[in-house]
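Here's the letter readout for the chains.
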Amino acid sequence: MGKTFAEKILALKSGKESISIGEIVTVSPDAVMSHDNAAAISKKFKQIGVNKVIHPERIVIPLDHCVPAATEKYALNHKVIREFVQEQGIKNFYDINTGVCHQVLPEKGHTLPGTLVLGSDSHTTTYGAFGAFAAGIGRSEVASIWATGKIWLKVPETIKINIEGEIPKGVYPKDIILYIIGDLGADGALYKAVEFSGKVVRDMSVGGRMTLCNMAAEMGAKIGYVEPDEKSIQWLASRTEKEYKIVKSDADAEFERIIDYDISGLEPQIACPHTVDNVKPVSDVMGTKINQALIGTCTNGRIEDLKIASDILQGKKISRNVRLLVFPASMEVFAEAMEKGIFQELVKSGAVIMNPGCGPCLGAHEGVLAPGEVCLSTANRNFKGRMGCKEAKVYLASPATVAASSLYGEITDVRRCLK
Amino acid sequence: MIIKGKVWKYGDNVNTDVIFPGKYTYTITEPEEMAKHALEDLDSNFTKEVKKGDVIVAGRNFGCGSSREQAATCLKYAGVGAIVAKSFARIFFRNSINQGLLVIQCKEAVENISSDEIITIDFEKGKLSCKKGIFNFPPLSESVLGILNDGGLIPHTRRILGIK
Ligand code: SF4
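Keep in mind it's a predicted model, so treat the numbers as computed, not measured. Residue positions are given per chain, counted from 1 along the sequence in the order it is written. For this description, chains carry letters from A and ligands carry numbers from 1, given in the order in which they are written. Since the coordinates come from a predicted model, pLDDT governs what is reported: local features require at least 70, and pairs of side-chain atoms require 80 or more to be given and counted, while whole-chain, interface and lining totals use all residues. Heavy atoms from the whole structure form the basis of all side-chain values; hydrogens and water molecules are not counted.

### Some remarks on the overall build of chain A
Right, on to step 1. A count of helices and strands for chain A gives 15 helices and 18 strands.
Right, on to step 2. Rg of the C-alpha trace for chain A: 21 Å, near the compact-globule value of 22 Å for 419 residues, within the 12% margin.
Right, on to step 3. For chain A, the spread of C-alpha atoms along the three principal axes comes to 60 × 55 × 40 Å.
Right, on to step 4. Taken over 419 residues, chain A has a buried fraction of 66%.
Right, on to step 5. The Shrake-Rupley method, run with a 1.4 Å probe sphere, supplies the accessible areas, and residue values consider only the shown protein chains as cover. With an accessible surface of roughly 14,800 Å², chain A has 50% of that area assigned to carbon and sulfur atoms.
Right, on to step 6. Positive charge is attributed to Lys and Arg, negative charge to Asp and Glu, and no charge count is given to His or to the chain ends. Just so you know, the charge point we use is NZ for Lys, CZ for Arg, CG for Asp and CD for Glu. Looking at charge distribution, chain A has the averaged site of its 49 positive side-chain charges lying 5 Å from that of its 49 negative ones. Think of it this way: any DSSP run of H or I at least four residues long counts as a helix, any run of E at least two long counts as a strand, and we number them from the N terminus. Atoms counted for the radius of gyration: C-alpha only. Globule rule: 2.2 Å times residue count to the power 0.38. Type-normalised accessible area, obtained with a 1.4 Å probe on protein chains alone, sets the label of each residue: buried when under 20%, exposed when over 50%, and partly exposed for intermediate values.

Below, the structure is given as structure tokens:
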């Protein structure tokens with residue numbers, strides 16, 4: 001019987017010939033990511049009582065969660081991190097002019113096929129889009145890896161999700177993953193590895209695959225995974241000189257479940273307050289008034305997302321009742337959006353362009369909500385209080401739906417704006 | 001380890017944002033301070049009335065969402081003796097163990113426990129007693145127990161590295 005990607009890579013990284021599902025193995029990750037929480041982690045690291053991190057070259061730290069610092073506390077937090085990376089000789093440090101961690105790590109070549117990447121952030125699953133085994137862990141665990149280079153992981157079962165059919169007009173990778181989460185539920189893939197496959201995934205851009213893997217976390221998955229192909233290899237080619245070996249599931253691998261979706265009839269999807277699996281077709285919530293629209297975050301702040309939005313908004317003005325905030329996921333995306341004239345279009349339509357970073361996604365700064373307000377966002381989470389106010393509501397949708405809705409000041413079927 | 005306490009019962013998918021709001025993740029750094037905001041956006045009575053050793057009993061996927069460890073830390077420092085749930089989100093489960101907070105997965109028990117009753121948990125024996133009877137839960141794997149017994153991952157790592 002063949003093995004899944006997850007089984008193969010954990011065997012490889014634990015140095016074992018073969019391992020079985022449910023087994024607990026000790027592994028050495030190739031890269032370990034932390035962001036603004038690196039300050040708290042450095043405190044825990046010092047509690048362990050080790051002076052030097054064991055593998056400085058494997059540590060990656062982008063600052064993104066509250067950049068530039070909104071308050072003295074955040075500023076101090078960043079200062080502690082800058083001093084720590086200096087002191088420890090950590091080269092892969094990306095200051096506030098780089099971008100959101102889950103965009104930055106792939107861009108800087110830290111998420112190669114066949115590698116094991118762990119991060120103190122739940123959406124670390126994003127890197128599975130490149131064929132890495134990438135999972136979220138906690139802060140103490142990162143501190144412990146800094147000290148020992150090792151950690152325990154349980155070998156997960158794998159759910160294979162086949163996505164077939166023709167993508168209908170107005171439907172994007174975000175709609176597809178929202179639909180799947182709505183169908184399987186917030187714990188539909190709890191503890192499991194999720195392998196996305198099928199024609200739709202093969203045809204999808206690398207950015208779209210990142211959106212799928214990013215949101216796999218929202219159904220409880222340990223990792224998301226897409227088998228590397230020409231497209232992802234090409235994407236990485238200019239970003240790394242390191243050698244890597246692709247690891248993929250055997251043709252006769254045993255999956256816990258195989259789920260087939262045909263998305264040919266799908267309409268744009270919306271995740272309604274206050275859970276990500278509360279997903280409805282747009283026709284059910286059309287007309288819901290919105291106060292703020294947000295395009296960005298690690299889920300949908302890539303160049304193609306901004307392009308789709310600017311195409312929809314081109315030559316038009318957003319509603320007077322809406323603030324449209326645009327957060328490019330990284331400085332690379334920012335630069336490209338400038339070059340391509342995307343920002344000009346967005347600004348002419350009334351958008352506010354922000355610096356790369358998480359922005360108000362986690363309710364820290366730069367556009368938090370007031371009681372009673374409604375935000376339509378391209379982010380991955382709509383929990384109560386997520387955007388800083390528990391009496392506000394957050395709906396999630398694709399960048400296209402968010403752009404279209406900002407024109408009308410209410411949740412809108414994007415197909416009405418497409419030729 | 002024997003835990004005896006009053007039950008705080010909640011539903012499915014209690015997420016980390018309602019356990020410990022994101023807006024505090026970088027502004028509050030001391031565990032005692034974190035405890036004052038535990039479950040703030042879910043149950044405003046919790047921090048006012050919780051007593052040391054009380055037990056949270058919840059449905060499926062407890063702790064889903066963010067990887068923030070403070071979600072486990074704030075509950076521990078609020079005095080929570082254990083969490084019993086139908087299932088746990090995986091990072092929350094790890095974080096709890098790493099903070100030395102007992103987590104017990106037992107669907108049957110959850111279905112039979114009511115809010116406010118006093119329950120007793122014998123962690124080593126894997127037994128939970130409540131008004132409706134006694135329920136057994138499976139022991140944790142050895143490597144995980146090792147971390148709990150050392151009082152969490154940081155002390156555990158110290159022990160592994162031979163640091164006194
Ligand atoms: S953009 Fe939002 S979901 Fe993504 S890493 Fe930042 S806070 Fe987390």
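The structure having been displayed, the exposition proceeds.
### Focus on the environment of Ser398(A)
Residue and element names in this part refer to chain A.
Right, on to step 1. Looking at the element boundaries, Ser398 is found in the loop between β18 (393–396) and α15 (399–408).
Right, on to step 2. With a relative accessible area of 0%, Ser398 lands in the buried category.
Right, on to step 3. Separated by 90 residues in sequence, Ser398 and Ile308 place their C-alpha atoms 9.7 Å apart.
Right, on to step 4. In this description, contact between two residues means that some pair of their heavy atoms is separated by no more than 4.5 Å. Look past the residues within four positions of Ser398 in its chain and what remains in contact with it is Tyr172, Lys174, Asp175 and Thr378.

### Considering the sheet that holds strand β7 (residues 133–136) of chain B
Residue and element names in this part refer to chain B.
Right, on to step 1. Within the open sheet, the 7 strands sit side by side as β4-β3-β2-β1-β5-β6-β7. Their pairing is mixed. Single-partner strands in this sheet number two, and they are β4 (102–105) and β7. Going from strand to strand, the sheet's axes swing by 25 degrees on average, the running direction of each strand aside. Any two strands with at least two DSSP-identified bridges between them are counted as paired. Axes, fitted as lines to C-alpha atoms, cover a helix only where it is in contact. Angles between the N-to-C directions of the axes lie from 0 to 180 degrees.

### Focus: the pairing of strand β8 (residues 158–164) of chain A
All names here are of chain A.
Right, on to step 1. By the criterion of burial, β8 is predominantly enclosed, with 5 of the 7 residues buried.
Right, on to step 2. In terms of strand pairing, β8 meets strand β9 (residues 193–197) through 5 bridges, oriented parallel. Looking at the pairing, Lys160 lines up with Glu195 of β9.
Right, on to step 3. A clockwise course of the path from the first strand over the helix to the second, judged with the strands pointing away from the viewer, identifies a crossover as right-handed. Each parallel crossover has a hand, and for β8 linked through helix α6 (residues 173–184) to β9 it is right-handed.
Right, on to step 4. Inspection of the sheet shows β8 paired to strand β11 (residues 257–262) by 6 bridges, in the parallel sense. Note that in β11 the partner of Ile161 across the bridge is Ile259.

### Observations regarding the site of the ligand
Right, on to step 1. Taken together, the residues surrounding the ligand are His65(A), His102(A), Asp121(A), His123(A), Thr297(A), Cys298(A), Cys358(A), Cys361(A), Asn380(A) and Arg386(A).
Right, on to step 2. By the convention adopted, Pro, Cys, Tyr, Trp, Phe, Met, Ile, Leu, Val and Ala count as nonpolar, Lys, Arg, Asp and Glu as charged, and the other residues, Gly among them, as polar. Its residues assigned to classes, the shell around the ligand comprises 3 nonpolar, 5 polar and 2 charged. To be near a molecule or strand, a residue needs just one of its heavy atoms within 4 Å of it.

### Let's talk about the sheet that holds β11(A)
All names here are of chain A.
Right, on to step 1. Strands sit in the order β10-β9-β8-β11 across an open sheet of 4 strands; the sheet is parallel. Strand pairing shows two members of the sheet lacking a second neighbour, β10 (223–226) and β11, which therefore form its edges. Here the average twist between neighbouring strands, direction ignored, is 20 degrees.
Right, on to step 2. Two elements, β9 and β10, share 4 bridges in a ladder whose sense is parallel. When the bridges of β10 are listed, Phe196 appears paired with Val226.
Right, on to step 3. Running at roughly 130 degrees to β11, α6 makes contact with β8, β9 and β11 of the sheet.

### What about the packing of aromatic side chains?
Right, on to step 1. Only centres within 6.5 Å qualify two rings of Phe, Tyr or Trp (six-membered ring in Trp) as a pair; their planes then separate them into stacked at under 30 degrees, edge-to-face at over 60, and tilted for everything else. Summed over all chains, the structure comprises 16 aromatic pairs over all chains.
Right, on to step 2. Geometrically, the ring pair formed by Tyr74(A) and Tyr26(B) is tilted, given 6.0 Å between the ring centres and 50 degrees between the ring planes. Taken together, the residues span two chains, with Tyr74(A) in helix α3 (residues 72–88) and Tyr26(B) in the loop between α1 (16–19) and α2 (31–35). Neither Tyr74(A) nor Tyr26(B) differs from the other in exposure class; each is buried.
Right, on to step 3. Aromatic ring contacts, followed pair by pair, group Phe62(B), Phe88(B), Phe92(B) and Phe93(B) into a single cluster.
Right, on to step 4. Criterion for a charge above a ring: Arg CZ or Lys NZ at most 6 Å from the ring centre, at most 35 degrees from the ring normal. Geometry around Trp235(A) places Arg239(A) over its ring, the cationic atom sitting 3.8 Å from the centre.

### Some points on the pattern of salt bridges
Right, on to step 1. The salt bridge definition used is simple: a Lys or Arg side-chain nitrogen within 4 Å of an Asp or Glu carboxyl oxygen. In this structure the tally under the stated criterion is 36 salt bridges over all chains.
Right, on to step 2. Connected through salt bridges with shared partners, the residues Glu157(A), Lys192(A), Glu256(A) and Arg257(A) form a single ionic network.

### Quick notes on the environment of Ile118(B)
All names here are of chain B.
Right, on to step 1. Along the chain, Ile118 turns up in strand β5 (residues 118–122).
Right, on to step 2. On the basis of relative accessibility, which here comes to 51%, the residue Ile118 falls in the exposed class.
Right, on to step 3. Considered as a pair, Ile118 and Thr157 are 39 residues apart in the sequence and their alpha carbons are 35 Å apart.
Right, on to step 4. The residues touching Ile118, leaving out its near neighbours within four places in the chain, are Lys4, Gly5 and Lys6.

### Notes on helix α4 (residues 70–77) of chain B
All names here are of chain B.
Right, on to step 1. Of all 8 residues that make up α4, 6 are buried, and the element is covered over most of its length.
Right, on to step 2. Buried residues of α4: Gln70, Ala71, Ala72, Thr73, Cys74 and Leu75, and no others.
Right, on to step 3. Two residues or fewer past α4, Gly79 is found with a positive phi of approximately 110 degrees.

### Brief notes about the side chain of Asp54(B)
All names here are of chain B.
Right, on to step 1. Looking at the element boundaries, Asp54 is found in the loop between α3 (46–49) and β2 (55–58).
Right, on to step 2. No salt bridge is formed by the buried Asp54; the nearest opposite charge belongs to Lys6, separated by 5.3 Å.
Right, on to step 3. N or O atoms closer than or at 3.5 Å make up a polar contact, with two conditions inside protein: a donor-capable atom paired with an acceptor-capable one, and, for residues adjacent in sequence, both atoms drawn from side chains. There is a polar contact of 3.2 Å between the side chain of Asp54 and the backbone nitrogen of Lys6.
Right, on to step 4. A polar contact is formed between the side chain of Asp54 and the backbone nitrogen of Lys51, at a distance of 3.0 Å.

### Brief notes about unusual backbone geometry
All names here are of chain A.
Right, on to step 1. A cis amide bond links Val67 with the next residue in sequence, Pro68, at an omega value of -15 degrees.
Right, on to step 2. Assignment of secondary structure puts Pro68 in the loop between β3 (59–62) and α3.
Right, on to step 3. Of note, the amide linkage connecting Pro273 to His274 takes the cis form, showing an omega dihedral of -10 degrees.
Right, on to step 4. Here His274 lies in the loop between β12 (269–271) and β13 (279–281).
Right, on to step 5. Of note, Tyr191 is a non-glycine position whose phi angle comes to about 70 degrees, a positive value.
Right, on to step 6. Its place among the elements puts Tyr191 in the loop between α6 and β9.
Right, on to step 7. For Tyr191, a relative accessible area of 29% gives the class partly exposed.
Right, on to step 8. Unusually for a residue other than glycine, Glu366 sits at a positive phi of about 55 degrees.
Right, on to step 9. Mapped onto the fold, Glu366 is located in the loop between β16 (351–353) and β17 (374–377).

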